[in-house]
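Structural overview for review
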Number of protein chains: 4
Amino acid sequence: MKFSFKNDYSEGCHPNILQVLLQSNFEQQAGYGEDEYSLQAKKLIKEKINNPDSEVYLVSGGTQANLIVISSVLRPYQCVISAAPGHILNNETGAIEATGHKVLSIETADGKLKPSDIVPVLESHSNIPHQVMPKLVYISNSTELGTIYMAEELEKLSDFCRRNGLYLFMDGARLGHGLTSEISDLTLERVAELTDIFYLGGTKNGALIGEAIVINNQVLQPDFAFNIKQKGALLAKGRLLGIQFMELMKDDLYFDLARHANQQAMKIKNALKERGVEFLADTYTNQIFPVISNDLIKILSEHFEFFVWKKMDENSSAIRLITSWNTGDEAVERFIEIIKKEL
Amino acid sequence: MKFSFKNDYSEGCHPNILQVLLQSNFEQQAGYGEDEYSLQAKKLIKEKINNPDSEVYLVSGGTQANLIVISSVLRPYQCVISAAPGHILNNETGAIEATGHKVLSIETADGKLKPSDIVPVLESHSNIPHQVMPKLVYISNSTELGTIYMAEELEKLSDFCRRNGLYLFMDGARLGHGLTSEISDLTLERVAELTDIFYLGGTKNGALIGEAIVINNQVLQPDFAFNIKQKGALLAKGRLLGIQFMELMKDDLYFDLARHANQQAMKIKNALKERGVEFLADTYTNQIFPVISNDLIKILSEHFEFFVWKKMDENSSAIRLITSWNTGDEAVERFIEIIKKEL
Amino acid sequence: MKFSFKNDYSEGCHPNILQVLLQSNFEQQAGYGEDEYSLQAKKLIKEKINNPDSEVYLVSGGTQANLIVISSVLRPYQCVISAAPGHILNNETGAIEATGHKVLSIETADGKLKPSDIVPVLESHSNIPHQVMPKLVYISNSTELGTIYMAEELEKLSDFCRRNGLYLFMDGARLGHGLTSEISDLTLERVAELTDIFYLGGTKNGALIGEAIVINNQVLQPDFAFNIKQKGALLAKGRLLGIQFMELMKDDLYFDLARHANQQAMKIKNALKERGVEFLADTYTNQIFPVISNDLIKILSEHFEFFVWKKMDENSSAIRLITSWNTGDEAVERFIEIIKKEL
Amino acid sequence: MKFSFKNDYSEGCHPNILQVLLQSNFEQQAGYGEDEYSLQAKKLIKEKINNPDSEVYLVSGGTQANLIVISSVLRPYQCVISAAPGHILNNETGAIEATGHKVLSIETADGKLKPSDIVPVLESHSNIPHQVMPKLVYISNSTELGTIYMAEELEKLSDFCRRNGLYLFMDGARLGHGLTSEISDLTLERVAELTDIFYLGGTKNGALIGEAIVINNQVLQPDFAFNIKQKGALLAKGRLLGIQFMELMKDDLYFDLARHANQQAMKIKNALKERGVEFLADTYTNQIFPVISNDLIKILSEHFEFFVWKKMDENSSAIRLITSWNTGDEAVERFIEIIKKEL
């Protein structure tokens, strides 16, 4: 079997989670998220963001979190603003539109939205009532391109949204990776202060399943649970989700796992940089996009699985390498070895 | 802690499932249901229904299965016919309507639909195009009342649906319990022959999570996966679902677990019957609805958890007792003991 | 051609409306409801309800009004409560459900809702978040059965709704007929005080097209126009709608037309009563439901068109007769003549 | 009052239509489109397209036609491809998304789609089932920019769609103007042969209200009327729509009106061209986009109403002038006079 750098959800989950699944298996617990583990997970998350007034809901995956949050927050005529590589735009089979809402796409260089990207969208949507009303700004941290928001960037965006009556929603499928990037100056607590809603991704950071939606804006809290049930996202055995996040939130496991993934990616990145390889984007998280020759791609493909992301010219392409909480040193070293030998 | 007879999803999962989760945890597997376990689970299900042309999809829960199937099958102006205690009617927060479709409710004595229940619905929906078009008949086996379809009943219903251009969809959240009831003469294979779509419930029969949707009518198969993704139901770590059903489908585990649950309920039922207790419905699955005095309810409540289902008169109510794959002899015997003592 | 008592939209419109269509035809007017006629119509309606803070929107028809109002007012998980013969329940092809909302049906004797009808619905929808949340009460005046709300009945219902956080929405497709019924003690002004939203039907009372939605609850006013545009209901030549309501609202034309329709129906009703005929419902508006012999139905059918509404027994049925703003004395007298001759 | 060149729906309707409204006003007619006038209008349209097997439905406006057609044709996971200035993209308040479907936007130079524009969209939507499935190509003729499809262009597009399993839907809000353009070589009959569905716009070409949807692809015909009713588009007094199209379809009135509008626009265009004025797009229909100095815009604004469409530089902008079936010579000549004087 070739080692896969295709994504960060190839393996199962962190052993601590399995351990609690085993220990608790025969306990009778309340259903639908009222079990002790879910309650404990929610408590830990609120402590970590230092906001007892936020509300936390556990759901199964990112598309589910996105569609529930957005359809819950918006009125029928309101729409979403998203950077062009946003996951909701092109990778979720129209899940947001299926709930009735348009998603406006904005081209960006690095997958991140700035206030100056949003101003023209607001200006060009002023023909009331003939156009959708932009109401929610959707961002990801880290982004689909592996880039991250620095504290000042998020502060400016948050401030802009508040002054313009826009909700700010952060897709945190890879929030752990974003916050533990070596260049990040953002904290989880600050994310909670600056966004109306965000979620902590479990699936891509060591859980078997699960994203934890955190609602900071109290206007958006009432009745949220109805939306979860209606969209088919309320698991009868909510303990499954509770146990994932209870364990991830203990000590700093969530961040340790993400930091490990980032570090493994950085090792490969640095090895490539030393050999003069260029990158599609300058990332410091667990996704890297080196531009290499087709010949090298062929050689690497004999040993590893990864996606060829974008053809650059006749002779070279950018590939995408993703490391995970479970990417071991051996695979990384083998990869670097080949690089060193071939470049 | 009191033992709970509230539902069949209080415990975790059958140990075999945990075992495979442990063994396979560090394997790298393809995402989104392309993992080996999901493929194997689907293969086993097709073998059990003896129909290689059916298609199988694994999703997380019953509401999710119901809304995906129904919204996939119907055109915008078509609606569902359901017996009045149908789960989609009153227990899913309007999940079906949220996808745009009306659910017509039919009062029945026993929670089961007969052709003669449906005829008047078709007749009263003939004012084209001013009324919704009935197109899908939704049934459950076992039903919300614990009753089951006998083979002849399902055959007549299936035949009626085919002659009238109606799809027949069976909610099988408790299909195991339905088929292993001591009075059942239906087989899983026959269910697959007689329905257009059905699902095998995992959550209520020993899985941590998961329902297996089986599409028998080939007209309804194309592109079904798009609907699963769009509704947020395609788990990145599909292995989690695959492992549940791979294990449940091995040998007869799925049916053994359901049969056990039924038998535990029947022990209690028989003890109650011997003492002259009447029941709200005459059930032979893992749900029973004895009508007992308020005094006895009070005594039992000190030892067990259960739902008081329906007030019958000033002095008595029907309670609902549900047993599960994991309901042990001890709890059952203790319950019977109290009954014997008090009645 | 036989004279038709089938409905109140068989003819064109009141001649005053045509007159203004002719006079104004070559004027250039602003589009999308910003024309002088629409503005004037809205002004007259606000004067008639004596509430300058209400907002008025003109749309084409009743189903359109119903689906726009309801989808605008409700959050995704909220539902409607309607008396069983409600137009939205069975005569609009699932238009409300198509916007995502369930409509709960309540059986009533006379098509009218009382607080005591609603209490059990609220009580049986308390399993949060597993059930839809009742939020809007939909009533019609006059109802589908031709019955009307007396002032005290509407006051009690309104009071109940306000105390229970429910919106009260009156479908006024036949509001003119309801308010000018000889037994009515309700006024238009009072309707506006007691409801959150209602509409004044034009189509069934002398307009070619049009219903005037009146939003009294200021919480429900913001951004309403977006919903109208999004549902395809914002006519480019809004003048067409404006002229209808400007003319109907001048002096008392709207009420005069409805009163005429009612009176013609009452003439027939009284003639039938004198002969001992019974009625399905005791109505005082332009819809009557006499129960007559099949033989008489046959004879009347040779001269008039009408619906046979409900089979009562082997020998008799209730028929539905509807009179309109334009039903002349001749038709009424001819009908009565036959009655007198045959009974 | 200044004369308005703002749009083609400022005036009422062609006098012939008013004439029939008057003559027929007191006739009793069947409701919901079963009146004689609607039947006759549909018959005339089928004759004009020379296809008795097409089906025709009359609705009120363009947004309504677009949302009904698209939601009727597509499965939940399918989406629309539209040229970027498409009316559904930016001028209908998200009406299409509100029915659950994404609209993909394609940048074009002239508002028209070519097969080569669509190929990359299909290629970039091949990650099944993670992306929406492109299924319907939406075009307008004439387009939002006033440009038109030549016969060969439409043939190639139609052929491409058929080979790729895509439906071709033409928004014909200004189809009259497109087909009577002095450079057009397309016929109405050919449009019907090359599209799966299209509509003939009435509102912008001399009707008070109405668009005639024509379904040529028989696969898309069954049950279409249900969608019209469900979306609130089935007028009780369908005669209003029937009379519009019966009159427009008599002789060549529909085309005569559009040709007149085009000719008036061409007179102004030619006068401007003679003076060396450039245009944003080279159009031959009733919409022209001359680029003129801000000074000239100021002078013209004193006499006429029109939209300033796009700022070109500090000193000049493109304006949009639209002529209609009722734009008289006097206004046109006055406009040209000012041009001649000032340029």
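Computed from a predicted model, the values in this text were never measured in an experiment. (Residues numbered from 1 in each chain as written. Chains lettered and ligands numbered in written order. Predicted model: local features only at pLDDT ≥ 70, side-chain atom pairs only at ≥ 80, totals over all residues. Heavy atoms only, no water.)

1. A word on the interface of chain C and chain D
Each side of the interface is counted separately: chain C has 47 residues, and chain D has 47 residues. A buried area of about 4100 Å², summed over both sides, lies between chain C and chain D, and 58% of it is on carbon and sulfur atoms. Linking chain C to chain D there are zero salt bridges. There are 23 residue pairs in polar contact (both at pLDDT 80 or more) connecting chain C and chain D. Counting only elements with at least two residues in the side of chain C that touches chain D, the list comes to strand S1 (3-4), helix H1 (15-24), helix H3 (62-73), helix H5 (95-98), helix H10 (224-230) and helix H11 (239-249) of chain C. (Contact = heavy atoms within 4.5 Å. Buried area = accessible area lost by both parts, 1.4 Å probe. Salt bridge = Lys/Arg side-chain N within 4 Å of Asp/Glu carboxyl O. Polar contact = N/O pair within 3.5 Å; in protein donor to acceptor, adjacent residues only side chain to side chain. Helix = DSSP H or I, 4+ residues; strand = E, 2+ residues; numbered from the N terminus.)

2. Observations concerning a nonpolar patch on the surface
All names here are of chain A. Taken together, the side chains of Leu280, Phe307, Trp309 and Met312 make up a nonpolar region of the molecular surface, amounting to roughly 340 Å² of accessible area. In this fold, Leu280 is placed in the loop between strand S9 (278-279) and strand S10 (287-288). We classify Leu280 as partly exposed; its relative accessible area is 32%. (Patch = residues over 30% accessible without salt bridge, like charges linked within 9 Å, V, L, I, M, F, W, Y side chains within 5 Å. Areas by Shrake-Rupley, 256 points an atom, 1.4 Å probe, with all protein chains shown as cover. Buried < 20%, exposed > 50% of the residue type's maximum accessible area, 1.4 Å probe, protein only.)

3. Section: the UniProt feature "domain: Aromatic amino acid beta-eliminating lyase/threonine aldolase" (unreviewed entry) in chain A
Sequence positions flagged by UniProt for "domain: Aromatic amino acid beta-eliminating lyase/threonine aldolase" (unreviewed entry) are, in local numbering, residues 31-292 of chain A. When the span residues 31-292 of chain A is considered, its composition is 41% helix and 17% strand, and the gap between its end C-alpha atoms is 51 Å. (UniProt positions renumbered as here; feature names shortened; annotations may be inferred.)

4. Considering the relation of the copies chain C and chain D
For the pair of chain copies, the relating transformation is a rotation about an axis with a translation along it. Each copy of the sequence occupies a distinct position, and chain C is placed on chain D by a rotation of 180° and an axial shift of 0.0 Å, giving an RMSD of 0.0 Å. Taken together, the rotation and translation describe the operation of a two-fold axis. Most of the interface of chain C is mirrored in chain D: 100% of its interface residues are interface residues there too. (Least-squares fit on C-alpha atoms with pLDDT ≥ 70 in both.)

5. Observations concerning the relation of the copies chain B and chain A
Between the two copies, chain B and chain A, the superposition gives an RMSD of 0.0 Å; the rotation angle is 180° and the shift along the axis is 0.0 Å. Here 100% of the contact residues of chain B are again contact residues in chain A; the copies associate through an equivalent surface.

6. Digging into the interface of chain B and chain A
In this assembly, 47 residues from chain B lie in contact with 47 residues from chain A. Carbon and sulfur atoms supply 58% of the area buried between chain B and chain A, which totals about 4100 Å² over both sides. At the junction of chain B and chain A, the tally comes to zero salt bridges. Here chain B and chain A share 24 residue pairs in polar contact (both at pLDDT 80 or more) between them. Elements represented by at least two residues in the side of chain B that touches chain A include exactly strand S1 (3-4), helix H1 (15-24), helix H3 (62-73), helix H5 (95-98), helix H10 (224-230) and helix H11 (239-249) of chain B. In terms of residue count, H1 of chain B provides more of the side of chain B that touches chain A than any other element does, four residues in total. Looking at the side of chain B that touches chain A residue by residue, the class counts come to 21 nonpolar, 18 polar and eight charged. (Nonpolar A, V, L, I, M, F, W, Y, C, P; charged D, E, K, R; others polar.)

7. Some thoughts on helix H2 (residues 36-49) of chain D
Residues and elements named next belong to chain D. Between its terminal C-alpha atoms H2 stretches 20 Å, which fits the 20 Å expected from 14 residues at 1.5 Å a residue. Taken as a whole, H2 has its buried residues at Tyr37, Ser38, Ala41, Lys42, Leu44, Ile45 and Ile49. In a view along the axis of H2, the buried residues occupy a sector of 160°, so they form one face of it. Looking at the packing, one finds that the buried side of H2 touches helix H1 (15-23), strand S2 (55-59), helix H9 (188-194), strand S7 (197-201), strand S8 (211-215) and helix H11 (239-249). Structurally, the start of H2 carries an N-cap: the backbone nitrogen of Tyr37 is 3.0 Å from a side-chain oxygen of Asp35. Trailing H2 by a residue or two, Asn50 shows a phi angle of about 55°, which is positive. (Expected span 1.5 Å × (residues − 1). Arc of directions from axis to C-beta.)

8. Side note on the sheet that holds strand S7 (residues 197-201) of chain A
Residues and elements named next belong to chain A. Pairing is mixed across the open sheet formed by seven strands, whose spatial order is S2-S8-S7-S6-S5-S3-S4. Lying at the two open borders of the sheet, with one neighbouring strand each, are strand S2 (55-59) and strand S4 (103-106). For this sheet, the mean angle separating the axes of adjacent strands, direction not counted, is 25°. Across four bridges, strand S3 (residues 78-83) lies against S4 in parallel orientation. Within the sheet, the bridge partner assigned to Ser82 lies in S4 and is Ser105. Helix H7 (residues 151-163) rests against strand S5 (133-140) and strand S6 (167-171) of the sheet, and its axis sits at about 140° to S6. (Pairing = 2+ DSSP bridges. Axes fitted to C-alpha atoms, helices over the stretch in contact; angles between N-to-C directions.)

9. Regarding the packing of helix H13 (residues 294-301) of chain B against helix H14 (residues 329-342) of chain B
All names here are of chain B. Running from amino to carboxyl end, H13 crosses H14 at an angle of 145°, the nearest separation of the two axes being 11 Å. Handedness of the H13/H14 crossing: right-handed. Every residue of H14 that contacts H13 at Leu296, Ile299 and Leu300 is listed here: Phe335, Ile338, Ile339 and Glu342. (Left-handed = near helix turned anticlockwise from the far one by under 90°.)

10. Remarks on the domain arrangement of chain A
Residues and elements named next belong to chain A. Assigned domains of chain A: these are domain 1 (3-8 + 254-342) and domain 2 (15-251). Placing the centre of domain 1 and that of domain 2 at their C-alpha centroids yields a distance of 28 Å. With 18 residues of domain 1 at the interface, the matching set in domain 2 holds 29 residues. Across the domain 1/domain 2 interface, buried area totals approximately 1900 Å², and carbon plus sulfur atoms make up 59% of it. When residues of domain 1 are sorted by the area they lose upon contact with domain 2, Tyr254, Phe255 and Tyr284 head the list and together hold 38% of the total. Taken together, the connections running from domain 1 to domain 2 amount to one salt bridge. Across the pair Asp8 and Arg174 runs a salt bridge whose closest N-O atoms are separated by 2.7 Å. Run the count over domain 1 and domain 2 and you get twelve residue pairs in polar contact (both at pLDDT 80 or more). Here the side of domain 1 that touches domain 2 gets eight residues from one element, more than from any other, and that element is helix H12 (residues 253-274). (Domains from an automatic or database assignment.)

11. A word on the pairing of strand S5 (residues 133-140) of chain C
All names here are of chain C. Most of S5 sits out of view: eight of its eight residues are buried. Both strand S3 (residues 78-83) and S5 contribute to a ladder of five bridges, which runs parallel. By the bridge assignment, Ile81 is partnered in S5 with Val137. In terms of strand pairing, S5 meets strand S6 (residues 167-171) through five bridges, oriented parallel. Across the sheet, residue Val137 finds its bridge partner in S6, namely Leu168. In this fold, the crossover linking S5 to S6 by way of helix H7 (residues 151-163) has right-handed handedness. (Right-handed = clockwise from strand over helix to strand, strands pointing away.)

12. Description of the packing of aromatic side chains
One pass over the full model with this rule turns up 48 aromatic pairs over all chains. Residues Phe169 of chain A and Tyr199 of chain A carry aromatic rings whose centres are separated by 6.0 Å and whose planes lie at 45° to one another, so their mutual orientation is tilted. With Phe169 of chain A in strand S6 and Tyr199 of chain A in strand S7, the pair connects residues that are 30 residues apart, well separated along the chain. Aromatic ring contacts, followed pair by pair, group Phe3, Phe5, Phe304 and Phe335 of chain A into a single cluster. Residue placement shows Lys269 of chain B over the ring face of Tyr284 of chain B; its charged tip is 3.5 Å from the ring centre. (Phe/Tyr/Trp six-rings, centres within 6.5 Å; stacked < 30°, edge-to-face > 60°. Lys NZ or Arg CZ within 6 Å of the ring centre and 35° of its normal.)

13. Digging into the sheet that holds strand S7 (residues 197-201) of chain C
The pairing of strands in a sheet happens through backbone hydrogen bonds and is either parallel or antiparallel. Residue and element names in this part refer to chain C. Strand order in this open sheet of seven strands is S2-S8-S7-S6-S5-S3-S4, and the pairing throughout is mixed. The sheet is open, and its two borders are formed by strand S2 (55-59) and strand S4 (103-106), each paired with just one other strand. Within the sheet, the average angular offset between the axes of one strand and its neighbour, ignoring direction, is 25°. Sheet contacts for helix H2 (residues 36-49): S2, S7 and strand S8 (211-215); angle to S2, the most-contacted strand, approximately 130°. Contacts from H7 reach S5 and S6 within the one sheet, and its direction differs from that of S6 by about 140°.

14. Things to note about the side chain of Arg174 of chain B
All names here are of chain B. Topologically, Arg174 is positioned in the loop between strand S6 (167-171) and helix H8 (175-179). When its relative accessible area of 6% is taken as the criterion, Arg174 is described as buried. A distance of 2.6 Å separates the side chain of Arg174 from the side chain of Asp8, its partner in a polar contact. For Arg174, the residues in contact, after removing those within four places along its chain, are Asp8, Asn141, Ser142, Lys204, Asn286, Gln287 and Ile322.

15. Structural notes on the pattern of salt bridges
Counted by the stated rule, this structure contains 61 salt bridges over all chains. We note a salt bridge from Glu247 of chain A to Lys250 of chain A, for which the minimum N-O separation is 2.6 Å. Overall, the relative accessible area of 5% leaves Glu247 of chain A in the buried class. The class of Lys250 of chain A is partly exposed, set by a relative accessible area of 37%. In this structure, the salt-bridge partner of Asp159 of chain C is Arg163 of chain C, at a minimum N-O distance of 3.1 Å. Here Asp159 of chain C and its partner Arg163 of chain C are both found in helix H7, four residues apart, which amounts to about one turn of the helix. Judged by its relative accessible area of 58%, Arg163 of chain C is exposed. A single salt-bridge network, built from bridges that share partners, covers Glu155, Arg190 and Glu193 of chain A.

16. Brief notes about helix H3 (residues 62-73) of chain D
Over its twelve residues, H3 of chain D extends 16 Å from the first C-alpha to the last, a length consistent with the 16 Å expected when each residue adds 1.5 Å. Taking burial as the measure, the twelve residues of H3 of chain D include eleven buried ones, the bulk of the element.

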